[in-house]
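Architecture and fold: a report
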Amino acid sequence: MIYVRISQDRTGAGLGVDRQREDCEALAERMGWEVVEVYVDNDVSAFSGKLRKDYRRMLADLDEGKATIVIVWHTDRLTRSIVELEEYIELSDRRGIATHTVQAGTVDLATPSGRMTARILGAVARQESEHKGERVARARRQKALKGEWMGGIRPFGWGVPTGEIRKKTDRKTGDEVEVPELDMLKSVPEEAEALRFWTDEILSGGSIRSLVKWCADKGVTTTRGNPVTHQDMRDMLLRPRNAGIAVYRGEEVGRGQWEPIVDEAKYRAVVAILRNPERAVNRGAQPKWVGSLLYRCGREGCGTGMTVTQSGGRQYPSYRCPTGHGGGRRAEKVDQYVEDTIVERLSREDAHELLEPAPDGVDVSALQAEAEEIRGRMRNLASMYGGGQIDEMAFAEGTDTARAQLEGITQQLARAATRDPLVDLVGAPDVRKAWKALGLERQRTVLRSLVEVTLKTPRPGRMPDGGYFDYDAVVFRWLRGLR
C-alpha cells in the first residue's frame, strides 16, 4: 500500500501528491513489491485534526489484512499527531505491518528502539507544525493590521483595483482564471460616501429598514451585485474596517494602517445602537403612517398604541384603538394636524432651546485609548489562561470586569456621537420642507423624541369651526421644553 498526503495544495492541481506517488512507486519497484492500492489525501493537514478519509480507509484495510507493507514519502506524511501515531503503532504490532519511507528509510515498529525513533520523529514533526502555525498566525495578524485582503468577498466600501492581474486556479473546475488585484487600503469613493450617509442616518434615529429601502431606490447593491438585505446592511455598518480598526479571528487587534471611512466615535455609537438588546426590531410590515403605534388611546386607563385600519362607508384609513375604544379618527387628518403642530413649534425663534445639550467634557481620544488598553488586557488574560498562568475563575472574573468597563466606554462614545433627531429641523429655512425630506422613519423618530400624542374620543357632529374634525381630541404632551 502507498499513502500520500499534502497539507496545503495552493494550486488545486495535486502536483505534490503526484510527486510523492511517483517516488513511492519507484521504491516499491526497486524492492519488488506489488502495489495493492494508493491512498490519497490532498490538501488535508495531519496536524489540523480534520478527518483524513483515505488514511482512515487505509487503516481499516490494513486491519482486515489486505496488505502488510506501507510505503510513504516521509514519516510526517503519515501522521503528525501523537495519538494517531500510537494507534498506528498498535495496529502495526498487532497485524505485523512494516513501514518504509522514501526519505527516511525503514521505520521498524516491531522493536522498542524503532518505536522510540518513530515517536521522536513524530514529536519533531509536531513541533514543526506548531512553529509553522505560530508563524502563519503572526503573518496573518500582521496582514490584518496592514489592511491586506485575506480573501473572500470584497467588503463594501473597500478595494480599489490596482490595474494588475493575478492568476488563480479555480478549485471547483481546475481552470486558471484571472483575478484583478485590489488595494484594500483604499476606499471606493461612492461606497464610502454611502457608508458615511448610513452611519449618520442611524445616529439620527434612522432604521436599517429605511436604509435598505434607500438602497433599493438608489440601485445600490452589495459587492456581489445582489440587492441589499437587512442583514447585509447590518453587517456593513458593523464592520470595524470602516473605522480603521484591524480584526483578526473576530477580535480587534489594534489600529489599522489605512485611512478610515467613518470616525471611530461614530462607529462605536452605531455599534452601541444596533447591538442594544432593548432596541425594538420589527422586520414585519413597514409603517405607512406617522403615528402607527406611537399615538396613544385617550380612554382612561388604556393608553394602547393606535393602529390604522380601513373604516367608514368610504373606507378611509382611521386610527383606532385595538381594544375598540372610541371609534375611528381619520388618519390623514390626524397626521396632518400633528405635522402642522410640530412644524409650527420648530419654526419658532426659541426652537433651539429644544435641542439636547451636547455631552460636556467628553474626551473622545482618551476614551478610545482607554478602550484599546482594556481590549489589550483582555487579550493578555486569554493568553495567560491558555498558558496555564491563571485558572478559569480568575480568567472569567477578569474578563467580565474588562467587558463591563468596555461597555461603559462604548456607551459614552455613543452618547458623544449620536445626533439629536431635531438637528435637521431646528434652524432650517423651511421647516416643513425639511420635515418632508426626512422620510417616514426619521419623522417617527422626531415624534418619539419630541412629543407624546394622545387621541381622545372625538365629539360627534359639526365643530365650532364648521368642520367635523375635533382638534381638541388630539392632545399633545411635549417631552422637551414648554409648549
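Up top is the structure.
Because the structure is predicted, anything quoted here is derived from the model rather than measured.

All right, on to the sheet that holds strand 15 (residues 474-478) then. As summarised here, the arrangement of the three strands in space is 10-14-15, forming an open sheet in which the pairing is mixed. Sheet topology places strand 10 (296-297) and strand 15 at the edges, where each strand pairs with a single neighbour. Bridge count for strand 14 (residues 451-455) against strand 15 is five bridges, and the pairing is antiparallel. Residue pairing in the sheet places Leu 455 in a bridge with Val 474 of strand 15. Most of the contacts of helix 10 (residues 331-346) go to strand 15, to which it runs at about 35 degrees, and overall it touches strand 14 and strand 15.

Here the focus is the sheet that holds strand 2 (residues 38-42). Ordered by their spatial adjacency, five strands build an open sheet running 2-1-3-4-5, and the pairing between neighbours is mixed. On the outer flanks of this sheet lie strand 2 and strand 5 (105-107), each paired with one strand and no other. For this sheet, the mean angle separating the axes of adjacent strands, direction not counted, is 20 degrees. Taken together, the two bridges between strand 1 (residues 2-6) and strand 3 (residues 69-72) define a ladder with parallel strand orientation. Residue pairing in the sheet places Ile 2 in a bridge with Ile 71 of strand 3. Relative to strand 2, helix 2 (residues 53-63) is tilted by about 155 degrees, and along the sheet it contacts strand 1, strand 2 and strand 3.

Time to look at unusual backbone geometry. For Leu 293, which is not a glycine, the phi torsion comes out positive at approximately 65 degrees. In this structure, Leu 293 sits in the loop between helix 9 (264-274) and strand 10.

Assignment of secondary structure puts Glu 86 in helix 4 (residues 82-95). The spacing of Glu 86 and Arg 119 is 33 residues in sequence and 8.4 Å in space, taken between C-alpha atoms.

Once that is clear, we can look at the pairing of strand 4 (residues 98-101). Here strand 3 runs beside strand 4; their pairing, made up of four bridges, is parallel. Counterpart to Ile 71 in the pairing with strand 4 is His 100. Pairing analysis gives three bridges linking strand 4 to strand 5, with the strands arranged antiparallel. Bridge pairing in strand 5 places Thr 101 opposite Gly 105.

Scoring rules and cut-offs
Residues numbered from 1 in each chain as written. Predicted model: local features only at pLDDT ≥ 70, side-chain atom pairs only at ≥ 80, totals over all residues. Heavy atoms only, no water. Pairing = 2+ DSSP bridges. Helix = DSSP H or I, 4+ residues; strand = E, 2+ residues; numbered from the N terminus. Contact = heavy atoms within 4.5 Å. Axes fitted to C-alpha atoms, helices over the stretch in contact; angles between N-to-C directions.

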